[in-house]
Amino acid sequence: MGSLGAVMKHPDDLFPLVKLKMAMRHAEKQIPPQPHWCFCYTMLQKVSRSFALVIQQLDTDLRNAVCIFYLVLRALDTVEDDTSVATDVKVPILIAFHRHVYDRDWHFSCGTKEYKILMDQFHHVSTAFLELGRNYQEAIEDITKRMGAGMAKFICKEVETIDDYDEYCHYVAGLVGLGLSKLFHASGSEDLAPDHLSNSMGLFLQDLKYEENSVKAVQCLNDMVTNALLHAEDCLKYMSALRDLSIFRFCAIPQVMAIGTLALCYNNIEVFRGVVKMRRGLTAKVIDRTKTMADVYGSFFDFSCMIKSKVDQNDPNAAKTLSRLEAIQKTCRESGLLSKRKLYVLPNKASYSSTIILILLIFLPIIFAYLSANRRNNELS
């Protein structure tokens, strides 16, 4: 759970944090007993606890398919990232990875820590994959084939231009969005979304990696955030078309966290000095309170306001950034749902006093019990 200092600074984080902790424990109890499924869900928690929690929004069959899809792509990414693997060994594996998922005996030792365990025991993932419905298998195979080929291409080619960057991001992130749309469609719950919207959903979640600290580096950072904002309206359109509530929440929670992370990173020199991410309490609020499109529009509007307040007019991309933020806010306003949004992104000081009282009511009995136990121990000694 979040640190006591963070909770005292943001007291209305407390209850969402408690609910998040309970949800995490529930997710751990939901891990299937079969060894291969137990491995897959346990590994999912190790490589991405947040995703392991968000995936719980989905029905069992779709949840299993998305879990395997994530682990297959994570394994593919592990091969790509391992610099100790020679190019002439790596490229054929990337290109053929979509076939390896059908082989219960295949594994390839690479990566470190939990990723090495994933690769060494990949037979568990293959076994689980072979239990999925054929429609799910075909969707995962298709995206794995396309992503592996794209990764292999850029193993042998440097990213030198904006077009190169956009193409690489399509392979490693946009295809994730396309794959998820295919899985949603395979489940029978959703129509197949247009490729350009699915691509934007994946690209908006793409992690950002930057170079060393300098004024130009911050300007580069701002340019990349501005580039990511280009996909926000497509994401809103994609989510507004979803019909299944579980799929909607599975998609919406990461997207709200994505624009929240962009808001934190924008014009922030600390990106180059350490890890910059949403505080745990705010993450808990996003998971707890993202339930409708009104919540999504409200979050996108408020986070875009946060970015807007940080725009430096001297930044080379200031005009472009403001234009994209205004377009996002216009879309949110025109939804007609902003009046129904939950205000938690921007500070709501009016609720602090009552929340602090509740915190005291919770913690005082605990403190009292602790002091009483210490006093009894001292008397006995």
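What counts and what doesn't
- Residues numbered from 1 in each chain as written.
- Predicted model: local features only at pLDDT ≥ 70, side-chain atom pairs only at ≥ 80, totals over all residues.
- Heavy atoms only, no water.
- Helix = DSSP H or I, 4+ residues; strand = E, 2+ residues; numbered from the N terminus.
- Buried < 20%, exposed > 50% of the residue type's maximum accessible area, 1.4 Å probe, protein only.
- Contact = heavy atoms within 4.5 Å.
- Areas by Shrake-Rupley, 256 points an atom, 1.4 Å probe, with all protein chains shown as cover.
- Patch = residues over 30% accessible without salt bridge, like charges linked within 9 Å, V, L, I, M, F, W, Y side chains within 5 Å.
- Salt bridge = Lys/Arg side-chain N within 4 Å of Asp/Glu carboxyl O.
- Lys, Arg positive; Asp, Glu negative; His and termini not counted.
- Charge placed at Lys NZ, Arg CZ, Asp CG, Glu CD.
- Axes fitted to C-alpha atoms, helices over the stretch in contact; angles between N-to-C directions.
- Parallel < 35°, antiparallel > 145°, perpendicular 65-115°, else oblique.
- Nonpolar A, V, L, I, M, F, W, Y, C, P; charged D, E, K, R; others polar.
- Core = buried A, V, L, I, M, F, W, Y, C linked by side-chain atoms within 4.5 Å.
- Left-handed = near helix turned anticlockwise from the far one by under 90°.
- pLDDT = per-residue confidence, 0-100.
- Arc of directions from axis to C-beta.
- Expected span 1.5 Å × (residues − 1).
- Phe/Tyr/Trp six-rings, centres within 6.5 Å; stacked < 30°, edge-to-face > 60°.

1. Examining the overall build of the protein chain
If you tally the helices and strands in the protein chain, you get 18 helices and zero strands. Taken across its 381 residues, the protein chain has 48% of its residues classed as buried. Across the protein chain, the fraction of contacts at a sequence separation of at least 24, relative to all contacts at a separation of at least 6, is 74%. Accessible surface for the protein chain amounts to roughly 18900 Å². Of this, 55% is attributable to carbon and sulfur atoms.

2. Describing a positive patch on the surface
Taken together, the side chains of K21, R25, K29, R49, K277 and R280 present a region of like positive charge at the surface. Counting through the fold element by element, K277 comes out in the loop between α14 (245-265) and α15 (280-289).

3. Here we look at the packing of helix α9 (residues 134-155) against helix α10 (residues 162-186)
For the pair α9 and α10, the least separation of the axes is 9 Å and the interaxial angle reads 175°. Judged on the interaxial angle alone, α10 and α9 are roughly antiparallel. Between α9 and α10, the contacting residues are N135, Y136, A139, I140, D142, I143, R146, M147, G150, M151, K153 and F154 on the first element and D164, E167, Y168, Y171, V172, L175, V176, L178, G179, K182, L183 and A186 on the second. A class-by-class count of the residues in the contact of α9 with α10 yields 15 nonpolar, three polar and six charged.

4. Overview of the nonpolar core
One recurring pattern in soluble globular proteins is that nonpolar side chains are buried together. In terms of nonpolar packing, the biggest core is built from 114 residues, with I68, L71, F97, L183, M239, F250 and F300 touching the most fellow members. Once you skip the residues sitting within four places of it in the chain, I68 turns out to touch W37, C40, V125, A128, F129, L132 and I140.

5. A word on the packing of α10 against helix α11 (residues 195-204)
Relative to each other, α10 and α11 sit at 120°, their axes nearing to 7 Å. As the angle between them shows, α10 and α11 are arranged oblique. Once α10 is placed against α11, the crossing between them reads as right-handed. Together, C169, H170, A173, G174, L175, G177, L178 and S181 of α10 and D195, S198, N199, G202 and L203 of α11 make up the contact between the two elements.

6. Here's the deal with the confidence of the model for the protein chain
Of all residues in the protein chain, 83% have pLDDT values of 70 or greater, and the mean over the chain is 84. The lowest-confidence element of the protein chain is helix α18 (residues 352-380), averaging 58 in pLDDT; the highest-confidence one is helix α8 (residues 122-129), averaging 96. Every residue in residues 208-213 scores below 50 in pLDDT, and together they form 15 contacts with partners more than four places removed in sequence or on other chains. Confidence over residues 349-353 falls short of pLDDT 50; this stretch has five contacts with residues more than four positions distant or in other chains.

7. Notes on helix α13 (residues 232-240)
Of all the positions in α13, only A232, C235, L236, Y238 and M239 are classed as buried. For α13, the angular spread of the buried residues around the axis is 160°, confining them to a single face. Where the residues of α13 are buried, they touch α10, α11, α12 (215-229), α14, α16 (293-310) and α17 (318-334).

8. As for unusual backbone geometry
Even without being a glycine, K113 presents a positive backbone phi close to 50°. You can see K113 is positioned in helix α7 (residues 113-120). Phi angles above zero are rare outside glycine, and N267 is one such case at about 55°. Along the chain, N267 falls in the loop between α14 and α15. Overall, N267 belongs to the partly exposed group, its relative accessible area being 29%.

9. Thoughts on α10
Between its first and last C-alpha, α10 extends 34 Å over 25 residues, near the 36 Å set by a 1.5 Å rise per residue. The positive-phi residue at the C-terminal boundary of α10 is G188, with phi of around 85°.

10. Structural notes on the side chain of S246
Tracing the chain through its elements places S246 in helix α14. On the basis of relative accessibility, which here comes to 15%, the residue S246 falls in the buried class. Setting aside residues up to four positions removed in sequence, S246 forms contacts with Q57, L58 and D59.

11. Considerations on the pattern of salt bridges
Oppositely charged side chains can pair when the atoms bearing their charge come close. A complete count under the given rule lists 10 salt bridges for this structure. Residue D142 is joined to K182 by a salt bridge in which the shortest nitrogen-to-oxygen separation is 3.6 Å. In this pair, D142 is assigned in helix α9 and K182 in helix α10, connecting sequence segments 40 residues apart. Since its relative accessible area comes to 28%, K182 is described here as partly exposed.

12. Side note on the environment of H196
Its place among the elements puts H196 in helix α11. Sequence separation between H196 and D234 is 38 residues, and the spatial gap between their C-alpha atoms is 8.0 Å.

13. Let's talk about the packing of aromatic side chains
As enumerated under the stated definition, the model contains 11 aromatic pairs in all. Where F51 meets F250, the ring centres are 5.7 Å apart and the plane angle is 70°; that geometry is what we call edge-to-face. Note that F51 is positioned in helix α4 (residues 49-54) and F250 in helix α14, a separation of 199 residues in sequence. Between W106 and F122 the ring centres are 5.6 Å apart and the planes differ by 90°, which places this aromatic pair in the edge-to-face class. Residue W106 is located in the loop between α6 (87-100) and α7, and its partner F122 is located in helix α8; the two are separated by 16 residues in the primary sequence. With respect to burial, W106 and F122 carry one shared label: buried. Ring-pair connections join several aromatic residues into one group, and the members of that group are F51, Y70, F184 and F250.

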